[in-house]
Amino acid sequence: MTAVAATAAKAPALSVSVRRLLDRYVLRLYVILAVAYLMLPIVVIALFSVNDPIGRSNFAWRAFTLDHWLSPFGVPGLFDAVATSLRVAFLSTLIATTLGTLIALALVRYQFRGAGSANLLIFLPMATPEIVLGASLLTMFVSIGEPPFFPLSEFTILIAHIMFNISFVVVTVRARLAGLDRNLEEAAMDLGANEWTTFWKVTFPLILPGIVAAALLAFSLSIDDFVITNFTAGRTVTFPMFIWGSYRIGIPPQVNVIGTLIFLIAVGLVALSVVFQRRSARA
Amino acid sequence: MFLRRHRWIVPYALLTPGLLWLAAFYVWPAVQMFVSSFWSGSVERGFTFSLENWTTYPDALDRYSTQFQRSVLYAGAATILTFMIAYPLAYAIAFRGGRLKNLLLFLVVAPFFTSFLLRTISWKIILGDDGLVFGPLKTLGFVDDSFRVLATPIAVISGITYNFLPFMVLPIYVSLEKGDQRLGEAAEDLYAGPWRPGGTIAGAIASGLLFALLGVAFGYSVPIMAAAGAVIGAVAGTLFLSEGFIRVTLPLSLPGVFAGSLLVFIPALGDYVNAALLGNPGTNMIGNVIQSRFLVNNDYPTASALSFILMVAILVAVAIYARLLGTESLTEGRRL
Amino acid sequence: MTDRPILEHAVTRRAFLAGTSMAGFAAFLAACNAPGAATPTPGGATTGPTEAPTEGPSAEPTEKPSPAAELNFANWPLYIDTDDEDETKHKTLEDFTAEYGTVVNYSEVINDNNEFFGTIRAPLEAGQDTGWDIIVLTEWMAGRIVRLGWAEKLDLGNVPNYVNNLVDVYKGPDFDPNNEYHAPWQAGMTGLGYDADVTGELTSVNAYWDEQWAGRVTFLSEMRDCVGMALARLGYSRTDVTTEQYDEAIAELQKAVDANIVRAFTGNEYAEDLVSGNVVLAMAWSGDIIQKQYERESLRFTVPDETGTLWYDNMLIPKGAQHKYTAELMIDFVYRPEIAAQIEAWVNYICPVKGAQEELAKIDEELAASELIFPSDATLAKVERFRTLTEEEESYMNDQFSALIGV
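Since the model is a prediction, treat every value here as computed from it, not as a measurement.

The rules behind these values
Along each chain, numbering runs from 1 in the same order as the chain's sequence is written. Here the convention is simple: chains get letters from A, ligands get numbers from 1, in the order in which they are written. At least 70 in pLDDT is required for a residue's local features to be given in this predicted model, at least 80 for side-chain atom pairs to be given and counted, and no such filter applies to totals for whole chains, interfaces and linings, which use all residues. Here a residue counts as buried when 20 or more other C-beta atoms sit within 10 Å of its C-beta, as exposed when there are 12 or fewer, and as partly exposed otherwise, the C-beta atoms being derived from the backbone. Working definition: helices are DSSP H or I runs of at least four residues, strands are E runs of at least two. Numbering for both runs from the N terminus. Strand pairing requires that DSSP identify at least two bridges connecting the strands. We define a nonpolar core as a collection of buried residues of the types Ala, Val, Leu, Ile, Met, Phe, Trp, Tyr and Cys that are connected via C-beta atoms lying within 7 Å of each other. For every residue, the predictor assigns a confidence score, pLDDT, that lies between 0 and 100. Contacts are defined on C-beta atoms placed from the backbone: any two residues whose C-beta positions lie within 7 Å are in contact. Gly is placed with the polar residues, together with every amino acid not listed as nonpolar (Ala, Val, Leu, Ile, Met, Phe, Trp, Tyr, Cys and Pro) or charged (Asp, Glu, Lys and Arg). Orientation is described by axes fitted as lines to C-alpha atoms, over the contacting stretch for helices, and by angles from 0 to 180 degrees between their N-to-C directions. Roughly parallel here means an angle under 35 degrees, roughly antiparallel means over 145, roughly perpendicular means 65 to 115, and every remaining angle is called oblique. Less than a right angle of anticlockwise turn of the near helix away from the far helix marks a crossing as left-handed, whereas a clockwise turn marks it as right-handed.

### Some points on the pairing of strand 3 (residues 134-138) of chain C
All names here are of chain C. In terms of burial, strand 3 is a largely internal element, five of the five residues being buried. Taken together, the two bridges between strand 1 (residues 70-74) and strand 3 define a ladder with parallel strand orientation. Across the sheet, A74 pairs through a bridge with I135, a residue of strand 3. Bridge analysis of strand 3 against strand 9 (residues 308-316) gives four bridges, and the strand direction is antiparallel. The residue of strand 9 that forms the bridge with I135 is L316.

### With respect to unusual backbone geometry
A cis amide bond, omega 0°, links P147 of chain A with the succeeding residue P148 of chain A. Among the structural elements, P148 of chain A can be located in the loop between helix 5 (130-144) and helix 6 (154-177). Here F150 of chain A and P151 of chain A are connected by a cis peptide whose omega angle stands at 0°. Among the structural elements, P151 of chain A can be located in the loop between helix 5 and helix 6. A positive phi angle, close to 50°, is found at N179 of chain C, a residue other than glycine. Inspection of the secondary structure assignment puts N179 of chain C in the loop between helix 7 (160-165) and strand 4 (182-195). Residue classification places N179 of chain C among the partly exposed positions, given that 19 C-beta atoms sit within 10 Å. Of note, the phi angle at N348 of chain C is positive, near 70°, even though the residue is not glycine. By the secondary structure assignment, N348 of chain C is in the loop between helix 14 (337-347) and helix 15 (356-363).

### Details of the nonpolar core
I103 of chain A together with A90 and Y173 of chain B are the most contacted members of the largest nonpolar core, which totals 308 residues. A total of 17 residues in this core trace back to one element, the largest contributor, which is helix 4 (residues 65-96) of chain B.

### Focus on the confidence of the model for chain C
Residues and elements named next belong to chain C. Across chain C, the average pLDDT comes to 84, with 83% of residues at or above 70. Across residues 1-61 the pLDDT falls below 50, and counting only partners more than four positions away or on other chains, this stretch makes 112 contacts in the model. Two numbers describe this predicted complex: its pTM, 0.88, and its ipTM, 0.89.

### What about the interface of chain B and chain A?
Many authors give the size of an interface as the accessible area that is lost as the parts come together. Contacts between the two partners involve 91 residues from chain B, matched on the other side by 90 residues from chain A. A class-by-class count of the residues in the side of chain B that touches chain A yields 67 nonpolar, 18 polar and six charged.

### Some details on the packing of helix 3 (residues 78-109) of chain A against helix 2 (residues 9-36) of chain B
Two numbers describe how helix 3 of chain A lies on helix 2 of chain B: the axes approach to 8 Å, and their chain directions differ by 135°. With respect to helix 2 of chain B, the element helix 3 of chain A is oriented oblique. Between helix 3 of chain A and helix 2 of chain B the crossing geometry is left-handed. In this structure, helix 3 of chain A uses L99, G100, L102, I103, L105 and A106 of chain A to contact helix 2 of chain B, whose residues at the interface are P11, L14, L15, P17, G18, L19 and W21 of chain B. For the contact of helix 3 of chain A with helix 2 of chain B, a count of residues per class yields 11 nonpolar, two polar and no charged.

### Description of the interface of chain C and chain B
Every contact between the two is made by 23 residues of chain C and, on the other side, 26 residues of chain B. Secondary structure elements with two or more residues in the side of chain C that touches chain B: helix 5 (113-125), strand 6 (262-266), helix 11 (269-276) and helix 18 (391-405) of chain C. For the side of chain C that touches chain B, the element with the most residues is helix 18 of chain C, which contributes six residues. Looking at the side of chain C that touches chain B, its residues break down into seven nonpolar, 10 polar and six charged.

### What to know about the pairing of strand 4 of chain C
Residues and elements named next belong to chain C. Taking burial as the measure, the 14 residues of strand 4 include 14 buried ones, the bulk of the element. One ladder, built from eight bridges, connects strand 4 with strand 9; its direction is antiparallel. Each residue of the ladder has a partner; that of Q186, found in strand 9, is D313. In terms of strand pairing, strand 4 meets strand 7 (residues 281-285) through five bridges, oriented antiparallel. Bridge pairing in strand 7 links G191 to A284.

### Topic: the packing of helix 3 (residues 56-63) of chain B against helix 15 (residues 300-325) of chain B
All names here are of chain B. Relative to each other, helix 3 and helix 15 sit at 75°, their axes nearing to 9 Å. Considered as vectors, helix 3 and helix 15 are oriented roughly perpendicular to each other. The segment helix 3 lies against helix 15, with T56, Y57, A60 and L61 engaging P301, T302, A305, L306 and I309.

And the structure:
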């Protein structure tokens, strides 16, 4: 009994030192492992982008080649598909992030009649299975039957992507806004700043990480959406549609090149900005 | 000046553009979906609407209850798994990321800018029956030759977990990052001293729940799994979770945890691609049923009814969850 | 140097063809010397429609409209020839433009019959133009479109090459007895795809029920392909299957599921599993195995002795298409043997055009001799088409099959 009691008494001290150790090494190691885990498929994708398959199938390693990197768009239709996907992803992210952030601000910062129903309307699109949503949207576009909704086009894809992105943005930005200290804003107002200035000088910088996170999620949803896009695309082909389609005969290695490139460019830009910030901080 | 005098207008002005968009491009299709759940007929004969077709609902529930339950289990297990993987990662990026914060954050999301299909094919290459991982293990005799991960429930749950991970990491990160970490450390000093039960309890609950769900998913004894999970969690929690963390940092991140678990759980419930590519005939989820009812069987009424049931179930679950977690005040602005 | 044109790999291809266990291969070699002998007028058939607008059997001398400025063509990805020099170009389409001045908007938007049907159903039901002038769908789906009255009737006078050069086996299917609504694009066979190093040579569908490979066998999630194998095992025929026989077949498949033999019901992903070795036996499509053999040489495709499935994808002109006449010109164009050969040299599925084999021989003798592109009569005798189902039958059968595969 006494031994147990002694151990129990030592436990806090032990756990504090364990925690110190944890903080210094284990947490760092964990980040490395977690990022490696997230990165693993990308490594395989990149590996097969320099593979030189004989046939049209690219699942087994054969030989190294840079050919596909030298002609990343050397597959008919691939360039248009990638360009379309990027345009739709950028625009839908931009618009949905704006609209969603405004909604999040309203829901967290104000009390008003109808907040409950607004909340409901935010959750519903996330909860609706894509296939039914896509098909119903198509039926709607067809029944309107007039441009710009019909014939289907990149515009109708964009409409759909903004629609399903809004909810994700609202939920993410709200996580940032919730519990944010209002005192700063009130102090600014007390100092005579109007609401507009207060928002841009105080609120916006505070919630910016949330907005960026929401935009990243929206971008990843949009650029990889297949089901809803397939219903609203008409004659347009997006990157995911191209990939799912080419799966039947063999995904060309150029698709791996593009996939790797998108990843590298995204990460590269941020890495550059980190370096740049460091430089300007020093200067 | 106008706004100062008519402050009540502000929230509506903020809401209007986004909600109009949803009203135009979500509500109409959703109503259409609801209407078509009361159809009967076929593509060739045409469909007719009648309220008498309400029986589609109980029929669909009855017929596909297995897949409904399986969806809840898989999505639930995946949500807890993403939480357990994401929380330490988000914590580390927010408080230990330093200048690399943004880069690390990007590294978390950027893999998901590439195609789902390519990622899944890659995982299948890595986890193949005789692939990079299990090939050597089998050669060395560590695992049985007939062992496999692909085409099992583990594969489906892991697939969902991987693919929804950024949706958990980012919200937790943004809610943690706004807080001052020194607060947590100060609290740690405050609560240093005799052992307190916070970490132990939190660890036991989280891990016990996860193990229980995994038990249900794989058909092991649930009480035994839950107990084992609770013990493991209690030990881990005692060692790793400080009282300062439990009392200060964790509450601070609750809105993020709430948001993250919604962003993972809700889409995961309706997911079908992971089960389609990584599962076997016994792992189909409700999303697979809806997909097949709609596309293959042209059974639009059942597909719509199932979707509607799913939506209502999700809304109810979200309401209960919000209340349980006590985040309503945090997320709905009741505080002001 | 990206997607390798097949011509560059003649040696590999020869090695492959030699190693492939095609049932009836010997019989084919004997018969392949003159398969085009049956073609009635190979020379005349290559004339353009402008010269021979009234050659077809049901042709009437009507005034011909001029070709439209554009043609909207929806097809499956990687399903048409691609220029060796500039891989963003399709020579067949450029030739068409050169001849008729029509720009072809060729989109590779079709990934799946059911999915594509989902996207064109709404406009067709509403009497709207789908935006497409030509779509390509597998015969059972083509049959549904024809049955629904959603396909334009071809003016056979405008498609003399099609009328003259269609290989006999595709003539007069039950959904379109006079071949007035559809024109086959490419065909393929469903049979045993396996890793001969593990399983040895397989010739019977009974292999799918062999517990020896439990957990390493995939079945197709395409109902007709999958149930067809069970029908073949039971000695029934796909061409006149009854509901009772169908039920028996489902029960037979259920046994394989219950015995945990079936790893998964798959679409295209089975090919990837065969390559990686996760799966040693699959219900497979002939065209896939040609490609996957490059990655795993021990893979084989065999049409089972009990019969395999013949399927074919078809060009259709959806109702309300804006450029029907130009679409007919295109259909006729790809039925010119030299154009068909040009497509075939790249696509490698089964060619439905008479005379294409001789034309292909001029480009690549070896390909032209391939049993998988121009199957012999002996092989064709071993494959059968799943009969066209009524809507009630299809709905019933799909329901039974869905229950089997767990959705």
